[in-house]
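# Residue-level structural notes
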Amino acid sequence: MLPIAILAGGLATRLRPITETIPKALIEIAGEPFLGHQLRLLSGGGIRHAVLCAGYLGEQIRAYAGDGSAFRIRIEYSFDGPELLGTAGAIKRALPLLGDGFFVVYGDSYLPCDYGAVAQAFLDSGKLALMTVFRNQGRWDSSNVEFSEGRILAYDKANRTPRMRHIDYGLGVFRRQAFDAVPDNRPHDLAALYRSLLGHGELAAWESPQRFYEIGSQDGIRELTEFLSP
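Now for a quick tour of the structure. (Residues numbered from 1 in each chain as written. Predicted model: local features only at pLDDT ≥ 70, side-chain atom pairs only at ≥ 80, totals over all residues. Heavy atoms only, no water.)

## Things to note about the overall build of the protein chain
Within the protein chain, the regular secondary structure consists of 6 helices and 13 strands. The C-alpha atoms of the protein chain give 16 Å as radius of gyration, which agrees with the globular expectation for 230 residues (17 Å, within 12%). Seen along its three principal axes, the alpha-carbon backbone of the protein chain occupies a region of about 40 × 35 × 30 Å. Counting every position in the protein chain, which comprises 230 residues, the buried fraction comes to 52%. Contacts spanning at least 24 positions in sequence make up 74% of the contacts within the protein chain whose residues lie at least 6 apart. Total accessible area on the protein chain stands at roughly 10400 Å², and carbon and sulfur atoms take up 48% of it. (Helix = DSSP H or I, 4+ residues; strand = E, 2+ residues; numbered from the N terminus. Rg over C-alpha atoms; globule rule 2.2 N^0.38 Å. Buried < 20%, exposed > 50% of the residue type's maximum accessible area, 1.4 Å probe, protein only. Contact = heavy atoms within 4.5 Å. Areas by Shrake-Rupley, 256 points an atom, 1.4 Å probe, with all protein chains shown as cover.)

Here's what the structure looks like:
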């Protein structure tokens with residue numbers, strides 16, 4: 001199975017004051033830090049190697065997760081440094097740890113999907129990247145993807161249209177070459193990279209039949225807590 005980069009370096013300003021003293025990845029969900037739930041989900045999906053891209057309060061993340069042995073997954077760390085690099089910039093810095101092909105997941109996403117099927121769809125596509133999507137219809141967040149017959153026709157978080165009924169599910173797959181145009185050690189957003197790849201015909205898609213969960217909002221925290229509570 002491909003390795004995975006977990007984007008856990010953001011400031012999480014929407015969740016303050018909770019995240020003034022702890023990173024978002026360590027917010028307690030159903031009795032333990034969110035990251036523990038996420039790592040067990042990924043390990044259960046067959047992933048054996050994760051690179052945690054950390055920034056804000058990142059040393060707390062390393063102190064909690066360690067080498068990953070408690071979660072049956074090998075963990076390495078890539079830190080932004082003095083300036084936060086954004087989602088694509090953080091992955092660019094982590095490339096030496098990731099190899100030629102890898103998953104990327106947002107550090108606040110809990111995605112109960114078939115990771116093996118996602119990896120296979122990516123390999124079969126022959127493209128530089130794959131975005132997973134979900135038919136959201138504006139239910140859990142604002143839809144930002146126009147998707148039809150297995151293809152992404154448009155993706156834009158800022159300029160949404162009525163034809164956008166799907167949403168970026170929170171899991172991508174990339175070849176290393178997809179990051180060739182991302183500048184070194186400078187902030188760069190993953191959404192911009194996705195749009196560039198789509199414009200060049202290098203973005204495949206996989207539609208998840210299962211909804212996503214997230215901890216980027218108070219509503220999301222409540223829903224995931226209910227989902228994971230015994």
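The discussion continues.
## Some remarks on the environment of A191
Mapped onto the elements of the fold, A191 is located in helix α5 (residues 190-199). A191 sits in the buried class, given a relative accessible area of 5%. Sequence separation between A191 and M1 is 190 residues; the distance between their C-alpha atoms is 25 Å. Excluding its chain neighbours within four sequence positions, the residues that come into contact with A191 are Y155 and K157.

## Details of the environment of E59
Mapped onto the fold, E59 is located in helix α2 (residues 58-65). In this structure the C-alpha to C-alpha distance between E59 and F79, which are 20 residues apart in sequence, comes to 9.1 Å. Of the polar contacts made by the side chain of E59, one reaches the side chain of R62; its length is 2.7 Å. (Polar contact = N/O pair within 3.5 Å; in protein donor to acceptor, adjacent residues only side chain to side chain.)

## So, the nonpolar core
Formed by 44 residues in total, the largest nonpolar core has its most connected members in I4, L52, F103, Y115 and L171. Among the elements that line this core, the one with the most residues is helix α1 (residues 34-44), at 5 residues. Contact partners of I4, with chain neighbours within four places excluded, come to L42, I47, H49, A50, V51, L98, F103, V104, V105 and L171. Grouped together as the second largest cluster of nonpolar side chains are 32 residues, C53, A90, V145 and F179 included. (Core = buried A, V, L, I, M, F, W, Y, C linked by side-chain atoms within 4.5 Å.)

## Focus on the state of the cysteines
With the rule as written, the count across this model stands at 0 disulfides. Between C113, a cysteine without a disulfide, and C53, which holds the nearest cysteine sulfur, the sulfur-to-sulfur distance is 18 Å. (Disulfide = S-S within 2.5 Å.)

## Looking at unusual backbone geometry
The backbone of R72 shows a phi angle near 60°, a positive value even though the residue is not glycine. Within the secondary structure layout, R72 lies in the loop between α2 and β5 (74-79). Notably, N185 is not glycine yet its phi reads approximately 55°, a positive angle. Among the residues examined, N185 registers a relative accessible area of 49% and is labelled partly exposed.

## Quick word on the packing of aromatic side chains
Aromatic rings in a pair are described by how distant their centres are and how their planes are angled relative to each other. Evaluation of the coordinates by the stated rule reveals 13 aromatic pairs. For the pair F103 and Y115, a centre-to-centre distance of 6.0 Å together with 80° between the ring planes defines the contact as edge-to-face. Taken together, the positions of F103 in strand β6 (residues 101-106) and Y115 in helix α4 (residues 115-125) put the pair 12 residues apart, joining distant regions of the chain. Residue classification places F103 among the buried residues on the basis of a relative accessible area of 0%. Ring centres of F134 and Y169 lie 6.4 Å apart, and the angle between their planes is 40°; this geometry places the pair in the tilted category. Highlighted residues: F134 in strand β8 (residues 129-135) and Y169 in strand β11 (residues 166-175), separated in sequence by 35 residues. You can call Y169 buried: its relative accessible area is 1%. The lysine or arginine in question, R62, covers the ring of Y77, its NZ or CZ lying 5.7 Å from the ring centre. Between the NZ or CZ atom of R211 and the centre of the ring of Y213, over which it lies, the distance is 4.1 Å. (Phe/Tyr/Trp six-rings, centres within 6.5 Å; stacked < 30°, edge-to-face > 60°. Lys NZ or Arg CZ within 6 Å of the ring centre and 35° of its normal.)

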